[in-house]
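What the coordinates show
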Amino acid sequence: MSEAGRPGFGNYQNEIYLDGLGGRVPPFTTDLTALGASARDHLGPGAFGYVAGSAGSGATHRANREAFDRHRLVPRMLTGASARDLNTTVLGTAMPAPVALAPVGVQSIIHPDGELATARAAASLGVPTVLSTAASHTLEEVAEAAGPEAPRWFQLYWPQDDEVCASILRRAREAGFTTLVVTLDTWTLAWRPRDLDQSYLPFLRGIGTAVPFSDPAFRAGLAKPPEEDPDAAVLRWVSMFTGADRTWDRLPFLREHWDGPIALKGILHPDDARRAVDAGVDGVVVSNHGGRQVDGAVAALDALPDVVRAVGDSVEILFDSGIRTGSDVLKALALGARAVLLGRPYAYGLAHGGEDGVRHVLRSLLADLDLTLGLSGHRTPADLTPDSLHRTA
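Residues numbered from 1 in each chain as written. Predicted model: local features only at pLDDT ≥ 70, side-chain atom pairs only at ≥ 80, totals over all residues. Heavy atoms only, no water.

**Here's the deal with the overall build of the protein**
The helix and strand tally for the protein stands at 16 helices and 12 strands. Radius of gyration (C-alpha) of the protein: 20 Å, near the 21 Å computed for a compact globule of 393 residues. With respect to the principal axes defined by its C-alpha atoms, the protein has extents near 70 × 50 × 40 Å. For the protein, with 393 residues in total, the buried portion stands at 54%. Considering only contacts within the protein whose residues lie at least 6 apart along the sequence, 76% involve residues at least 24 apart. Roughly 16,300 Å² of accessible area belongs to the protein as shown, and the carbon and sulfur atoms make up 51% of that amount. When the 36 basic and 47 acidic side-chain charges of the protein are each reduced to a single mean position, those positions are 4 Å apart. (Helix = DSSP H or I, 4+ residues; strand = E, 2+ residues; numbered from the N terminus. Rg over C-alpha atoms; globule rule 2.2 N^0.38 Å. Buried < 20%, exposed > 50% of the residue type's maximum accessible area, 1.4 Å probe, protein only. Contact = heavy atoms within 4.5 Å. Areas by Shrake-Rupley, 256 points an atom, 1.4 Å probe, with all protein chains shown as cover. Lys, Arg positive; Asp, Glu negative; His and termini not counted. Charge placed at Lys NZ, Arg CZ, Asp CG, Glu CD.)

Following this line, the structure appears as structure tokens:
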């Protein structure tokens, strides 16, 4: 039960077992570590490779999971954990649990409804979504699908054209997106063999371009609108958001054009975290982009404690890269994250069943989180500390 006396997220377990009395089983597995294998059956090879693939040999992707395996929860007994409260507030957003949906682009290659289905599913549970600049639907369409009360953040792939960037940010704020998440680690694409082997890049096919193609400042720079000359629009956008690494002295531009919280995503080194604090941002996301950008990089979970020690008292720290289970969430929280971002699993849920598939994945993760929090002897996420874990060799 929750603190308010209502069934908590863990009640999803009871629903599933009771449905079994009527011969009903979940639409697909509740084991989020197994979703990638079954999602292959629902996606074409290009789409599956794009979602599941990693940079280079996949070493960083593997390292992310291995880091979670090295950290073990140490359950405590007789703590009165039958009543739990997962509510928290992160970057000014009230959240029913310390979980948000990470920015995953080009979702229409996964399901026709793409980001619209994801927004509706998350909104039904009150879970924040982070909409990608590379969305298949416009800012306004996603905001309408989510509804006026749904918490939503916007992720920026920083365009080189300042007018276009400012216009996109203005539209995001007007559409009710409250927090800006700026991805720093993807100023150009990594060497991704799965995509390269199939010559598959969705953006070159005009997929994941709804945000810029609907933007008045971007359209003003075209000889013809995207509807009449999509190839020219694609080439202009691709050249605008890839190929140029920013520098720290450019961050004031974002603050000038965004009056809400700003978080920098892709931070792995404590010195970069300190620079972020000095720049006046509100949060950092410890992330290696799920292993998609630098092959052989440090596991995000291994980088988290050093970042927390460096700036944990100055900014809010979020985590992504490798979250698959409730215990993964608890481990990241115990090491100092305020919340986590869930990525590939909900994309796989979208492939399995659209809106209902995303909702099933979210409910499964939140139930696992709720139950494991209690069974490990904790009543709230704030109870977790590094002492809640044992690190193996």
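From this point, things continue past the structure.
**What to know about the pairing of strand S9 (residues 283–286)**
Of the two faces of S9, the one carrying Gly 283 and Val 285 and the one carrying Val 284 and Val 286 are both buried. In this structure, strand S8 (residues 262–267) lies alongside S9, joined through 4 bridges in parallel fashion. Following the sheet pairing, Ile 267 is matched in S9 by Val 286. A crossover connection joins S8 to the parallel S9 through helix H13 (residues 270–278); in handedness this β-α-β unit is right-handed. Sheet topology note: the S9/strand S10 (residues 316–319) ladder contains 4 bridges and is parallel. For Val 286, the partnering residue across the bridge sits in S10 and is Phe 319. (Pairing = 2+ DSSP bridges. Right-handed = clockwise from strand over helix to strand, strands pointing away.)

**Notes on the nonpolar core**
Nonpolar side chains in soluble globular proteins generally cluster together in the buried interior. Among the nonpolar cores identified, the biggest contains 108 residues, and Phe 154, Phe 177, Leu 254, Leu 304 and Phe 319 are the most heavily contacted of them. Ranked by residue count, the leading element in this core is helix H16 (residues 344–375), at 12 residues. If you look at the next biggest cluster of nonpolar residues, it comprises 13 residues, including Met 95, Val 130, Val 285 and Leu 318. (Core = buried A, V, L, I, M, F, W, Y, C linked by side-chain atoms within 4.5 Å.)

**Things to note about helix H4 (residues 59–70)**
Between its terminal C-alpha atoms H4 stretches 16 Å, which fits the 16 Å expected from 12 residues at 1.5 Å a residue. For H4, every residue scored as buried is listed here: Thr 60, Ala 63, Asn 64, Ala 67 and Phe 68. Along the axis of H4, the buried residues cluster in a sector spanning 140°; they form a single face. Summarising the contacts, the buried residues of H4 are in contact with strand S1 (71–73), helix H14 (300–311), S10 and helix H15 (326–334). (Expected span 1.5 Å × (residues − 1). Arc of directions from axis to C-beta.)

**Some details on the environment of Gly 291**
Mapping Gly 291 onto the fold places it in the loop between S9 and H14. By relative accessible area, Gly 291 is classed as buried at 1%. Sequence spacing of Gly 291 and Ala 166 is 125 residues, and the spatial spacing of their C-alpha atoms is 30 Å. In this structure, Gly 291 is in contact with Ser 54, Ala 55, Thr 60, His 61 and Asn 64, ignoring residues within four places of it in sequence.

**Here we look at the packing of aromatic side chains**
Across all of its chains, the model carries 9 aromatic pairs by this definition. Ring geometry for Phe 218 against Trp 237: centres 5.9 Å apart, planes inclined by 85°, an arrangement best described as edge-to-face. Remark: Trp 237 occurs in helix H11 (residues 230–241) and Phe 218 occurs in helix H10 (residues 216–220); sequence separation between them is 19 residues. Both residues of the pair, Phe 218 and Trp 237, count as buried. Sitting above the plane of the Phe 177 ring, Arg 152 keeps its charged end 5.6 Å from the centroid. One Lys or Arg, Arg 173, reaches over the ring of Trp 258 and ends 5.1 Å from the middle of that ring. (Phe/Tyr/Trp six-rings, centres within 6.5 Å; stacked < 30°, edge-to-face > 60°. Lys NZ or Arg CZ within 6 Å of the ring centre and 35° of its normal.)

**A look at the confidence of the model for the protein**
Per-chain confidence: the protein averages 97 in pLDDT, with 98% of residues scoring 70 or above. In this model, residues 1–6 is a region of pLDDT below 50 whose contacts with residues beyond four sequence positions or in other chains number 12 contacts. (pLDDT = per-residue confidence, 0-100.)

**Considerations on the side chain of Ser 132**
Summarising the element assignment, Ser 132 is placed in the loop between strand S5 (129–131) and helix H6 (139–146). At 2.9 Å, the side chain of Ser 132 and the backbone nitrogen of Ala 134 are in polar contact. Not counting residues up to four positions away in its chain, the partners in contact with Ser 132 are Pro 103, Val 104, Gly 105, Phe 154, Gln 155, Tyr 157 and Val 211. (Polar contact = N/O pair within 3.5 Å; in protein donor to acceptor, adjacent residues only side chain to side chain.)

**Observations regarding the side chain of Arg 324**
Relative to the helices and strands, Arg 324 is located in the loop between S10 and H15. Setting aside its immediate chain neighbours within four residues, Arg 324 contacts Leu 32, Thr 33, His 61, Arg 65, Arg 344, Pro 345 and Leu 365.

**Quick look at the pattern of salt bridges**
Two side chains that carry opposite charge are able to pair once their charged atoms sit near each other. Inspection of the entire model under this criterion finds 21 salt bridges. Between Arg 363 and Glu 15 there is a salt bridge, with the nearest N and O atoms lying 2.7 Å from each other. A residue pair is termed long-range when its members are at least 10 positions apart, and Arg 363 in helix H16 and Glu 15 in helix H1 (residues 11–21) qualify at 348 residues. One salt-bridge network, in which partners are shared between bridges, spans Asp 113, Arg 120, Glu 355, Asp 356 and Arg 359. (Salt bridge = Lys/Arg side-chain N within 4 Å of Asp/Glu carboxyl O.)

**Brief notes about H16**
With 32 residues, H16 extends just 26 Å between its outermost C-alpha atoms, more than 12% less than the 46 Å of an ideal straight helix rising 1.5 Å per residue. At Gly 353, H16 shows its largest bend, some 140°. The element H16 is extensively covered by neighbouring structure, given that 25 of its 32 residues are classed as buried. Note on H16: the residue one or two positions beyond its end, Gly 377, has a positive phi of about 95°. (Bend = angle between axes of the 7 residues up to and from the residue.)

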